[in-house]
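Observations on the three-dimensional arrangement
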Amino acid sequence: MDRSFRYTRNNDLGIVELTGEKDFGQARRIWERIRQFIRNDGLSGIIVVDRMTNGLTEHHVFELGKWLGSSRFPRRVKVAIVDPGKTAQGNMNAFGETVLLNRGFYNIRVFPDHQTASAWLGTERPAQPDS
């Protein structure tokens, strides 16, 4: 399955759309690109629409959390991950949210839909990618 990473910006809000298969290396590159967009574009918030097939293990998620802490990922910027499968048992995004909360990343959250993600970000209208 092909991977795609699409980034758009609306003022100081970024939107990243992900499709394809996600492994540890890919996930780390995604977070690095998000970090660069936040810094280069002066974003105050970002929505990540994650439609990727997950190939991560719990160990990978712990390692990503450790890497985010050491990469000086901006903690003041809100990152809302939209993942309709958030409530599914074994969901790695939801598990990753817990790992990141335990590492002091209180501004990275996973949501099941755009409306709740946008409300948390404080945007006036739901920021939705083109379908």
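Here the structure is shown first, and the text comes after it.
Quantities reported herein were computed from a predicted structural model and do not represent experimental measurements.

**Things to note about the sheet that holds strand E5 (residues 108-111)**
- If you trace the 5 strands from one edge of the open sheet to the other, you get E1-E2-E3-E4-E5, paired in mixed fashion. Edge positions in the sheet fall to strand E1 (4-10) and E5, since each of these pairs with one other strand and no more. Each strand axis lies, on average, 20° off the axis of its neighbour in the sheet, ignoring direction.
- Pairing analysis gives 4 bridges linking strand E4 (residues 78-82) to E5, with the strands arranged parallel.

**Some details on helix H2 (residues 58-70)**
- For H2, built from 13 residues, the straight-helix expectation of 18 Å at 1.5 Å per residue is met to within 8% by its first-to-last C-alpha distance of 19 Å.
- Residues of H2 that are buried: Val61, Leu64, Gly65, Trp67 and Leu68. Viewed along the axis of H2, the buried residues span an arc of 165°, placing them on a single side of the element. The exposed set on the far side of H2, more than 90 degrees from its buried face, consists of His59 and Ser70.
- Structurally, H2 contributes buried residues whose contacts are with helix H1 (24-41) and helix H3 (92-102).
- Just downstream of H2 lies Arg72, where phi reads positive at about 60°.

**Description of the pattern of salt bridges**
- Tallied over the entire structure, the rule returns 6 salt bridges.
- One salt bridge connects Arg51 with Glu17, and the closest N-O pair in it is separated by 3.6 Å. Residue Arg51 is located in strand E3 (residues 45-54), and its partner Glu17 is located in strand E2 (residues 13-22); the two are separated by 34 residues in the primary sequence.
- In this structure Arg51 comes out as partly exposed when scored by relative accessible area, which is 45%.
- With a relative accessible area of 7%, Glu17 lands in the buried category.
- One salt bridge in this structure joins Glu32 and Arg35, with 2.6 Å as the shortest N-O distance. A residue pair is termed a helical-turn pair when its members lie 3 or 4 positions apart in one helix, as Glu32 and Arg35 do in helix H1 at 3 residues.
- Look at the salt bridges and you will find they share partners, linking Arg6, Glu17 and Arg51 into a network.

**Notes on the packing of aromatic side chains**
- Under the criterion given, the structure shown has 6 aromatic pairs.
- With a centroid separation of 6.0 Å and 25° between ring planes, the pair formed by Phe5 and Phe37 is classed as stacked. Placement of Phe5 in strand E1 and of Phe37 in helix H1 is noted, with a sequence separation of 32 residues between them. Taken as a pair, Phe5 and Phe37 share a single burial class, namely buried.
- With 5.4 Å between their ring centres and 75° between their planes, Trp31 and Phe73 make a pair best called edge-to-face. Highlighted residues: Trp31 in helix H1 and Phe73 in the loop between H2 and E4, separated in sequence by 42 residues. Taken as a pair, Trp31 and Phe73 share a single burial class, namely buried.
- Sitting over the face of the ring of Phe5, Arg33 holds its NZ or CZ atom 3.8 Å from the ring centroid.
- The lysine or arginine in question, Lys78, covers the ring of Trp120, its NZ or CZ lying 4.7 Å from the ring centre.

Thresholds applied
Residues numbered from 1 in each chain as written. Predicted model: local features only at pLDDT ≥ 70, side-chain atom pairs only at ≥ 80, totals over all residues. Heavy atoms only, no water. Pairing = 2+ DSSP bridges. Helix = DSSP H or I, 4+ residues; strand = E, 2+ residues; numbered from the N terminus. Axes fitted to C-alpha atoms, helices over the stretch in contact; angles between N-to-C directions. Expected span 1.5 Å × (residues − 1). Buried < 20%, exposed > 50% of the residue type's maximum accessible area, 1.4 Å probe, protein only. Arc of directions from axis to C-beta. Contact = heavy atoms within 4.5 Å. Salt bridge = Lys/Arg side-chain N within 4 Å of Asp/Glu carboxyl O. Phe/Tyr/Trp six-rings, centres within 6.5 Å; stacked < 30°, edge-to-face > 60°. Lys NZ or Arg CZ within 6 Å of the ring centre and 35° of its normal.

These figures come from the coordinates and say nothing about function on their own.
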